[in-house]
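# Per-entry structural report
So the chains spell out like this:
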Amino acid sequence: MASISFEKVVKSYGDVNIIRGLDLDIRDKEFMVLVGPSGCGKSTTLRMIAGLEEITNGHLKIGDRVVNSVHPKDRDVAMVFQSYALYPHMSVFENIAFGLRLRKLPKDEIHKMVHDAAETLGLTELLDRKPKALSGGQRQRVALGRAIVRKPSVFLFDEPLSNLDAELRVQMRAEIGKLQKRLAVTAVYVTHDQVEAMTMGDRIAVLHDGELRQVGTPLELYDAPQNVFVAQFIGTPNMNMLRMTLDEDGKTLRHPSVSIPVPPQWIASANAYKGKSLLVGIRPEHVRAVDENEWHNTAALSGTVEIIETLGHEIIVHMAIEGSDTQLISKMDAHNTHTVGSVVSVEVHTTRIHLFDPETQQRLTSE
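Nothing here was measured: the structure is a model prediction, and the numbers come from that model. (Residues numbered from 1 in each chain as written. Predicted model: local features only at pLDDT ≥ 70, side-chain atom pairs only at ≥ 80, totals over all residues. Heavy atoms only, no water.)

## As for the domain arrangement of the protein
Note on interface size: it is often stated as the accessible area lost on association of the parts. The condition that has to hold: Note that domain bounds follow an automatic or database assignment of domains. Each of two parts loses accessible area, computed with a 1.4 Å probe, when they are put together; buried area is these two losses added.
With domains assigned, the protein is organised as domain 1 (4–229) and domain 2 (240–356). The gap between the C-alpha centroids of domain 1 and domain 2 is 39 Å. At the boundary of domain 1 with domain 2, total buried surface from both sides reaches about 550 Å², with 58% on carbon and sulfur atoms. On the domain 1 side of the interface with domain 2, the three residues burying the most area are Y222, P225 and V228, jointly 81% of the side's total.

## Let's talk about the pairing of strand β11 (residues 240–246)
This is how the line gets drawn: Remark: exposure states derive from per-residue accessible area (1.4 Å probe, protein chains only) relative to the maximum for the residue type, with buried under 20%, exposed over 50%, and partly exposed in between. Runs of H or I in DSSP of at least four residues are treated as helices and runs of E of at least two as strands, each being numbered from the N terminus. Here the rule is simple: two strands pair whenever DSSP picks up at least two bridges between them.
Residues of β11 alternate between two faces, with N240, L242, M244 and L246 buried on one and M241, R243 and T245 left unburied on the opposite face. Examined bridge by bridge, β11 and strand β14 (residues 277–282) share six bridges and lie antiparallel to one another. Counted as the bridge partner of T245 is S277 from β14. As defined by bridge partners, β11 adjoins strand β12 (residues 252–255) across two bridges and the pair is classed as antiparallel. Following the sheet pairing, L246 is matched in β12 by L253.

## Some remarks on the sheet that holds strand β19 (residues 343–349)
Put simply, the rule reads: Comment: axis = line fitted to C-alpha atoms, over the contacting stretch for helices; angle = value between 0 and 180 degrees taken between N-to-C directions.
Taken in spatial order, the five strands make up an open sheet running β15-β19-β16-β17-β18, and their pairing is antiparallel. Edge positions in the sheet fall to β15 (287–289) and β18 (327–333), since each of these pairs with one other strand and no more. Going from strand to strand, the sheet's axes swing by 50° on average, the running direction of each strand aside.

## Brief notes about the pattern of salt bridges
Counted only if it meets this: In the sections that follow, a salt bridge refers to a side-chain nitrogen of Lys or Arg positioned within 4 Å of a carboxyl oxygen of Asp or Glu.
Throughout the structure, instances matching the rule amount to 14 salt bridges. Between R352 and D223 there is a salt bridge; the shortest N-O distance is 3.6 Å. Remark: D223 occurs in helix α7 (residues 218–223) and R352 occurs in the loop between β19 and β20 (354–356); sequence separation between them is 129 residues. By relative accessible area, D223 is classed as partly exposed at 37%. Via salt bridges that share partners, K11, R47 and E53 belong to a single interconnected network.

## A closer look at the packing of aromatic side chains
Threshold: By convention, a stacked pair of Phe, Tyr or Trp rings (six-membered ring in the case of Trp) has centres within 6.5 Å and planes under 30 degrees apart, an edge-to-face pair has planes over 60 apart, and any other such pair is tilted. Geometrically, a charge over a ring is one whose NZ (Lys) or CZ (Arg) sits within 6 Å of the ring centre while staying within 35 degrees of the ring normal.
Counted according to the given criterion, the structure contains six aromatic pairs. Here the aromatic rings of Y87 and F98 are separated by 4.8 Å at their centres, their planes lie at 50°, and the arrangement is tilted. Here Y87, found in the loop between β6 (77–80) and α2 (92–102), pairs with F98, found in helix α2; they are 11 residues apart in sequence, far enough to count as distant. On the basis of relative accessible area, F98 is assigned to the partly exposed category, the value being 27%. Ring centres 5.6 Å apart and planes at 40° place the aromatic pair F157 and Y189 in the tilted group. Of this pair, F157 sits in strand β7 (residues 154–158) while Y189 sits in strand β8 (residues 186–191), and the two are 32 residues apart along the sequence. Among the aromatic residues, ring-to-ring pairing joins F31, F155, F157 and Y189 into one connected group. Sitting above the plane of the Y222 ring, R283 keeps its charged end 4.3 Å from the centroid.

## Description of the packing of helix α4 (residues 136–148) against helix α5 (residues 166–183)
Our working rule: For this classification, under 35 degrees means roughly parallel, over 145 means roughly antiparallel, 65 to 115 means roughly perpendicular, and everything else is oblique. Here a crossing is called left-handed whenever its near helix is offset anticlockwise from the far helix by less than a right angle, and right-handed whenever the offset is clockwise. Contact between two residues is taken to exist if any of their heavy atoms lie within 4.5 Å; hydrogens are not considered. Here the term charged refers only to Asp, Glu, Lys and Arg, the term nonpolar to Ala, Val, Leu, Ile, Met, Phe, Trp, Tyr, Cys and Pro, and the term polar to all other amino acids, Gly among them.
Direction vectors running N to C along α4 and α5 enclose 15°, while the axes themselves pass 11 Å from each other. When the axes of α4 and α5 are compared, the pair comes out roughly parallel. Between α4 and α5 the crossing geometry is right-handed. Of the residues in α5, those touching α4 at G136, G137, Q140, R141, L144 and I148 are L168, Q171, M172, E175, I176, L179 and L183. In terms of residue class, the contact of α4 with α5 is made up of seven nonpolar, four polar and two charged.

## Some details on the nonpolar core
The test is simple: Grouping buried Ala, Val, Leu, Ile, Met, Phe, Trp, Tyr and Cys residues that are joined through side-chain atoms within 4.5 Å yields what is termed a nonpolar core.
Membership of the largest hydrophobic core comes to 47 residues, with the highest contact counts inside it found for I96, V114, F155, F157, I176 and Y189. Among the elements that line this core, the one with the most residues is helix α3 (residues 107–121), at six residues. With sequence-adjacent residues up to four places away left out, F155 is seen in contact with A78, A147, I148, L183, V185, T186, A187 and V188. Residues I260, A289, M319 and I321 belong to the second largest nonpolar core, which totals 30 residues.

See the structure below:
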């Protein structure tokens, strides 16, 4: 088994804690994505699995074995780096075969393993080329090939697509996902791109300031973010966050220019906040122009358009809510004829709102 377990793992550099008591279980054959902003500790976490960073405190297990003191070459892991890390003076064949030759495998076995990997990755016609004669996507495939031939039980990916253009990133993330399923290995993938995380991961671990904020499937993170950070980090554009006051009857949330009925699933947990403030999260896709949706539970408001971002199939409209200085972002159909400075009437899909405690930043419990 190639499950991976972090048990209260701490990584410090002097007095600076990079990872603060991480508890995380990665299942056998799972594709786990570590995501978070720069400096959150995700690459450090990956490098601890690889054995490239020592653990300050806690235990790290691969399978049933504690590997804190196990040498990197004995951990049965393979790592694919952001920079590809190819030897420029070697051909594609030699780059892929390098690790096998260090292990002193027979030549015919090396030849077969390299050609099998090249066929899997579409590199057969490129085996005689040097890295400088390859495109970015081809170089990344060579780096994958070098990892594949080792037949590790764990694949580690450190932002492997960040040097590629947008179209190639989309193509390569699909290829990496299919490859991981075909090889049936555990994969841990680091990225700062939440779209990449959502499209690739079986589960996603969101890190911030060296702490695990939430782990779950992409839909669990989207539908039920456990705190304000995850709510605003997952989803594009960011979730709108409005500070609203709950009426004394516990049934209505009020803002200077909009009132939202408390959805049934939130009534019990919101009861303790009567007469107090709550943070109300509203995703931009749940704010639509009045004439373009078929929602049955809505709250209406108006806003002055400040910015319009055109994406082709839709537009992102940034507006200032009438009667306040609060900003609201909406996703709308691209054929809406709004212009900057115009007043737009929109509706909020009230049953899709999220409620958070303004002090702890934690999600209220919904039924």
